[in-house]
Amino acid sequence: MPQPRVTVPDKSLRTLVTDLFGAYGVSREHAETVADVLVWANLRGVDSHGVSRVPRYLELFENGQANPRPNIDVDILRPAVAVLDADAAPGPVALTRAMDEAVSMARSAGAAWVAVRGTVHTGAIGYYTERAAQYGMAGMGIVAGVPNMAYPGSNASAVATSPLSVAVPAGRHPTVLLDMATAVIALGRIAQLKAQGKELPEGAAITRDGRPTTDPAEAAIPLPVGGAKGAGMSLLFEMLAGGLTGNPIVTGYHSGTEEGRRHRQNALLMAIDIAAFAPVEEFRAIVDDTVDAIKALPKADPDAGILVPGERGAHTLDERSAAGVPLPRKLVDQLAQLAADKGVAVPQELA
């Protein structure tokens, strides 16, 4: 049975998450960054990567796998290449810093790469690539993490549900933003469907013993999107992000050691200064015209629109910015209890 839902203003969510992370020793600046990334996801309908992740982040602080006060180090190796050592910082903190570094270097170099070593859950990767687009640049990013997805020929967790994101700025249209996992379905989405009492689509996941299932209560291992294509992308993301940072994850995981199973992630972000290639307004016009061409195609369903990447999220952003973010009552109560346990004031809308 679907859970009762509560609609909460995004400002109240940001306040609660910021104050709650502050109570765990996170600096005000970093807490606000985490809150912005999580609420960004909720506002765009990516609820699996929104404030529902707060309990997991706090758990990572408590068990020592995440660092609330990280000593982040950026090693600029060449004019457009850097490695950021996250020191187990929350992903939103590490990747926001990494993309800002990439944008800064790209202003002079034309394009720049920043590899991120040893962060924890990165949140919605689209936040960081869209950040580049807000500066009039194109953004690209990949993340690699601890295996939780199957690989063709195996029925065990072999590689991660590693995401890919690309964002380009438009003119008349919203930023075109691709944000996709290499899995058919993310674990967070499985948890959502379980809470809503809904089945998984066919071919999305298997049980822990390798049986196909549409029951979210039994689903334990997501399957790669496109079979070998999604699995191959994830594997190469691991080789790139793990290899460039000297911090491989898959090999350690499959060694079977406790340290190898510890939660951690690497990432690779790129910013491209469009102005280094062409006038920015000319580029934006090309993006707009391309969007128009796609949306003018004959419709398979006359009553349905044709969407481009990021458009659905942009519509949801408009709706939720005005009406608030709908959240399961159970999650709201959980967040309120976590706050109460730390002596954090709970905004009236969540009480």
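Each remark here, short or long, concerns the structure printed above.
Residues numbered from 1 in each chain as written. Predicted model: local features only at pLDDT ≥ 70, side-chain atom pairs only at ≥ 80, totals over all residues. Heavy atoms only, no water.

Our next topic: the overall build of the chain. Assigned secondary structure in the chain consists of 11 helices and 12 strands. A compact globule built from 351 residues would reach a C-alpha radius of gyration of about 20 Å, and the chain, at 20 Å, matches this within 12%. Principal-axis analysis of the C-alpha atoms gives the chain an extent of 50 × 50 × 50 Å. Relative to all contacts within the chain whose residues are 6 or more apart in sequence, the contacts with residues 24 or more apart total 67%. As displayed, the chain has an accessible area near 16,000 Å², and 54% of this comes from carbon and sulfur atoms. Of the charged side chains in the chain, 31 are positive and 38 negative; the average position of the first set lies 3 Å away from that of the second. (Helix = DSSP H or I, 4+ residues; strand = E, 2+ residues; numbered from the N terminus. Rg over C-alpha atoms; globule rule 2.2 N^0.38 Å. Contact = heavy atoms within 4.5 Å. Areas by Shrake-Rupley, 256 points an atom, 1.4 Å probe, with all protein chains shown as cover. Lys, Arg positive; Asp, Glu negative; His and termini not counted. Charge placed at Lys NZ, Arg CZ, Asp CG, Glu CD.)

All chains considered together, the criterion is met by 17 salt bridges. As a salt-bridge pair, R97 and E101 come within 3.0 Å of each other at their nearest N and O atoms. A residue pair is termed a helical-turn pair when its members lie 3 or 4 positions apart in one helix, as R97 and E101 do in helix α4 (residues 91–109) at 4 residues. Its salt-bridge partner being D289, residue R172 comes within 3.9 Å of it at the nearest N-O pair. Here the residue R172 occupies a position in the loop between β6 (163–168) and β7 (176–181), and D289 occupies one in helix α9 (residues 280–295), the gap between them amounting to 117 residues. Looking at R172, the relative accessible area reads 57%, which means it is exposed. (Salt bridge = Lys/Arg side-chain N within 4 Å of Asp/Glu carboxyl O. Buried < 20%, exposed > 50% of the residue type's maximum accessible area, 1.4 Å probe, protein only.)

The next point concerns the nonpolar core. Ranked by size, the top nonpolar core spans 67 residues in total, and within it F21, V51, V54 and L84 carry the most contacts. Contacts of F21, omitting those with residues within four sequence positions, involve V26, A31, V34, V54, Y57, L58 and F61. (Core = buried A, V, L, I, M, F, W, Y, C linked by side-chain atoms within 4.5 Å.)

Here we come to the side chain of T214. Within the fold, T214 resides in the loop between β9 (212–213) and β10 (221–222). Judged by its relative accessible area of 17%, T214 falls in the buried class. Once residues within four sequence positions are removed from consideration, T214 is found in contact with E199, L200, P201 and E202.

Time to look at the sheet that holds strand β2 (residues 73–78). An order of β2-β3-β4-β11-β5-β6-β7 is seen for the 7 strands of this open sheet, with the pairing classed as mixed. Either end of the sheet is taken by a strand with one partner, and the two such strands are β2 and β7. With strand direction ignored, the average angle separating the axes of adjacent strands in the sheet is 10 degrees. In terms of strand pairing, strand β3 (residues 81–85) meets strand β4 (residues 111–119) through 5 bridges, oriented parallel. Among the inter-strand pairings, D85 is bridged to a residue of β4, identified as R117. Of the strands in this sheet, β2, β3, β4, β5 (137–145) and β11 (265–273) are in contact with α4, which crosses β4 at around 160 degrees. (Pairing = 2+ DSSP bridges. Axes fitted to C-alpha atoms, helices over the stretch in contact; angles between N-to-C directions.)

Moving on: the packing of aromatic side chains. A full pass over the atoms with the stated rule returns 5 aromatic pairs. Ring centres 5.8 Å apart and planes at 85 degrees place the aromatic pair W40 and Y127 in the edge-to-face group. Of this pair, W40 sits in helix α2 (residues 28–43) while Y127 sits in helix α5 (residues 126–134); the two residues are 87 residues apart in sequence, bridging distant segments of the chain. Judged by relative accessible area, W40 falls into the buried class, the value being 7%. Put simply, the rings of F21, Y24, Y57 and F61 touch in pairs and so form one group of aromatic residues. Positioned above the aromatic ring of Y24, the side-chain terminus of K342 is 4.4 Å from the ring centre. (Phe/Tyr/Trp six-rings, centres within 6.5 Å; stacked < 30°, edge-to-face > 60°. Lys NZ or Arg CZ within 6 Å of the ring centre and 35° of its normal.)

Over its 13 residues, helix α10 (residues 311–323) runs 19 Å from end to end, which matches the ideal 18 Å to within 8%, given 1.5 Å per residue. Taken as a whole, α10 has its buried residues at E311, G313, A314, T316 and R320. In this structure, the buried residues of α10 make contact with α2, α9 and β12 (325–328). At the C-terminal side of α10, G324 shows a positive phi close to 105 degrees. (Expected span 1.5 Å × (residues − 1).)

Strand order across the open sheet formed by 3 strands is β9-β8-β10, with antiparallel pairing between neighbours. Here the strands that pair on one side only, and so sit at the sheet edges, are β9 and β10. Bridge count for strand β8 (residues 205–206) against β9 is 2 bridges, and the pairing is antiparallel. Bridged to A205 within β9 is T213.

Quick look at the packing of helix α1 (residues 10–23) against α2 now. Two elements in contact, α1 and α2, have axes whose closest approach is 8 Å; the angle formed by their N-to-C orientations is 140 degrees. In terms of orientation, α1 lies oblique with respect to α2. Crossing of α1 over α2 shows right-handed handedness. Judged by residue contacts, D10, L13, R14, V17, T18, D19, F21 and G22 of α1 engage R28, A31, E32, V34, A35, D36, L38, V39 and L43 from α2. Of the residues in the contact of α1 with α2, the class split is 9 nonpolar, 2 polar and 6 charged. (Parallel < 35°, antiparallel > 145°, perpendicular 65-115°, else oblique. Left-handed = near helix turned anticlockwise from the far one by under 90°. Nonpolar A, V, L, I, M, F, W, Y, C, P; charged D, E, K, R; others polar.)

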